[in-house]
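# Analysis of the macromolecular model
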Amino acid sequence: MKFTKMEGIGNDYIYIDNRDHFFDYDPAFITKISDRHMGIGADGLIALENSDKYDFKMRMFNADGSEGQMCGNGIRCLAKFAYDNKLTDKTHLEFETKAGKRIVDLILEDGQVTGATVDMGVPSSKVKDLPMVYDAEECINGEFVVGGKRYRGTAISVGNPHIVMFTKHLPEDIETDGFKIEHSGVFPEKVNVEFVEVIDRNHLKMRVWERGSGETLACGTGACATVYAAILENKIDTTCDVELLGGHLSITYRDGHLFMTGQARTTFIGEVMEENYVR
Ligand SMILES: N[C@H](CCC[C@H](N)C(=O)O)C(=O)O
């Protein structure tokens, strides 16, 4: 199986052209090739498919083989993948995703795609959209309990579920709380967990514990959910620089939509050897 390895500010995935549906998205196989020692090593796998409604369809899978509805860093790279492989000559691309339609505008410098701006759609603060088990319609700076410990956060959906927790300073360890919250019954479809420090009204700093992948260097949907949560809590203005471990994203909230701009890069091209197909 031929693949292209790409990263968006350090959030790295295995990319394949699966328009002919040769790959069956077996979760165990995705986990195996995502392993950073026994496989290629990645935060998961992202596939390009045909769409009868838009230019292309995106399917995204976390490192544990679970399918996510949307991937912000991933869709920038997938649009670059399609353009670089001459599957399109358009720089304005519409994708079908499990979160709905997403629009990508490629950024070219000296003829090379270096990044993209994505319309990440309309965010929701309704807990039913995550889903989250909570005794009110919204959880905005709300309290919830996991494993006997009280947490305070804001639940946002950008097509996939996020719980955004603002802290005075970013914690050293996000794995303990991140893992517990991800797998708690409070979020029946699990959840992505964001730990956020407000630097000023145009600058956030954050770390992310991703559903199905653990801590990643960056999370595009997580950064977008965080910006919307910060706006709802009047912590920032409507344009913000989000600093993640792997780099920066520029996010703007306009006309009810979130727009995200960030880098996209191809690191290498390779082939998975046949003997690895053994289940
Ligand atoms: N772990 C996420 C999917 C990947 C999102 C992230 N990598 C991004 O850039 O948006 C989920 O299961 O909802």
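Predicted, not measured: the structure shown is a model, and the values here were computed from it. Here the residue numbers are simple positions, counted from 1 along each chain's written sequence. Residue-level local features of this predicted model are given only where pLDDT is at least 70; pairs of side-chain atoms are given and counted only at 80 or more, and the full residue set underlies all totals for whole chains, interfaces and linings. Water and hydrogen atoms play no part in the side-chain values, which are based on all heavy atoms of the structure.

## Concerning the nonpolar core
The following threshold applies: Remark: nonpolar core denotes a set of buried residues (Ala, Val, Leu, Ile, Met, Phe, Trp, Tyr, Cys) joined through side-chain atoms within 4.5 Å. Any residue under 20% of the maximum accessible area for its type is buried, any over 50% is exposed, and the rest in between are partly exposed; the area is computed with a 1.4 Å probe on protein chains only. Helix and strand definitions follow DSSP, with helices as H or I runs of at least four residues and strands as E runs of at least two, each counted in order from the N terminus. Throughout, the edges of the domains are those of an automatic or database domain assignment. By definition, residues are in contact when any of their heavy atoms lie within 4.5 Å.
In this structure, F95, V227 and I251 are the most contacted members of the largest nonpolar core, which totals 51 residues. Element by element, the count of residues in this core is highest for helix α4 (residues 220–232), at eight residues. Split by domain, the residues of this core number at least three in each of domain 1 (2–119 + 263–271) and domain 2 (127–255). Excluding residues that lie within four positions of it along the chain, I251 makes contacts with A223, C224, V227, T238, T239, C240, V242, L258, F259 and M260. The next biggest cluster of nonpolar side chains, apart from the first, holds 19 residues, and it includes L130, C139, A155 and F195.

## What about the site of the ligand?
Stated precisely, the cut-off is as follows: Distances are taken per atom, and a residue is near a molecule or strand as soon as one of its heavy atoms is within 4 Å of it. Polar contacts, as counted here, are pairs of nitrogen or oxygen atoms within 3.5 Å of one another; within protein the pair requires one atom able to donate a hydrogen and one able to accept it, and residues that are adjacent in sequence qualify only if both atoms are side-chain atoms. Using a 1.4 Å probe, the Shrake-Rupley method yields the accessible areas, and only the shown protein chains count as cover for residues. Both cavities and pockets are sets of points on a 1 Å grid over the protein atoms alone; in a cavity a 1.4 Å probe fits but cannot get out, in a pocket the set is open with protein on both sides within 12 Å along at least five of seven lines, and lining residues sit with an atom within 4 Å of a point. To be counted as sitting in a cavity or pocket, a molecule needs more than half of its atoms within 2 Å of that site's grid points. Think of it as three bins: nonpolar holds Ala, Val, Leu, Ile, Met, Phe, Trp, Tyr, Cys and Pro, charged holds Asp, Glu, Lys and Arg, and polar takes everything else, Gly as well.
Near the ligand there are 15 residues, and of these N11, Y13, E210, G220 and T221 occur at the shortest range. Taking G72, its main chain carries an N or O atom lying 2.8 Å from an oxygen atom of the ligand. Here the ligand has 360 Å² of accessible area as a free molecule, and 100% of this is covered by the chains. Cavity membership is defined here by more than half of the atoms lying within 2 Å of grid points; on that basis the ligand lies in the largest cavity. At the level of elements, β2 (11–17), β4 (56–62), α2 (72–84) and α4 are the ones that each hand at least two residues to the shell around the ligand. Here the shell around the ligand is composed, by residue class, of five nonpolar, eight polar and two charged. Residues lining the shell around the ligand come from more than one domain, with at least three contributed by each of domain 1 (2–119 + 263–271) and domain 2 (127–255).

## Quick look at the confidence of the model for the protein chain
Under the convention used in this document: Confidence of the predictor in every single residue is expressed as pLDDT, which spans 0 to 100.
Per-residue confidence for the protein chain averages 97 on the pLDDT scale, and 98% of its residues sit at or above 70. Across the predicted assembly, pTM comes out at 0.97 and ipTM at 0.95.

## Observations regarding the UniProt feature "binding site: substrate" (unreviewed entry) in the protein chain
Cut-off, in case you're wondering: UniProt positions are given in the numbering used here, feature names are shortened, and annotations may be inferred rather than shown by experiment.
As recorded in UniProt, the sites labelled "binding site: substrate" (unreviewed entry) are N11, N62, G72, N73, N160, N192, E210, R211, G220 and T221. From the set just named, the residues that line the largest cavity comprise N11, N62, G72, N73, N160, N192, E210, R211, G220 and T221. With respect to the helices and strands, the residue R211 is situated in the loop between β13 (203–210) and β14 (214–216). Since its relative accessible area comes to 8%, R211 is described here as buried. Only 2.7 Å separates the side chain of R211 from the side chain of Q69, close enough to count as a polar contact. Within the secondary structure, G220 sits in helix α4. Judged by relative accessible area, G220 falls into the buried class, the value being 2%. When residues no more than four places from it in sequence are discounted, the contact partners of G220 are G72, N73, M120, L249 and M260.

## Focus: the packing of aromatic side chains
What counts here: Ring pairs shown here join Phe, Tyr and Trp side chains whose ring centres sit within 6.5 Å, with only the six-membered ring taken for Trp; geometry is labelled stacked below 30 degrees between planes, edge-to-face above 60, and tilted in between.
Summed over all chains, the structure comprises 10 aromatic pairs. Consider the rings of F3 and F268, whose centres lie 6.0 Å apart with planes at 80 degrees: the pair is edge-to-face. With F3 in strand β1 (residues 2–8) and F268 in strand β18 (residues 265–271), the pair connects residues that are 265 residues apart, well separated along the chain. Looking at F3, the relative accessible area reads 6%, which means it is buried. Classification of F268 by relative accessible area gives partly exposed; the value is 38%.

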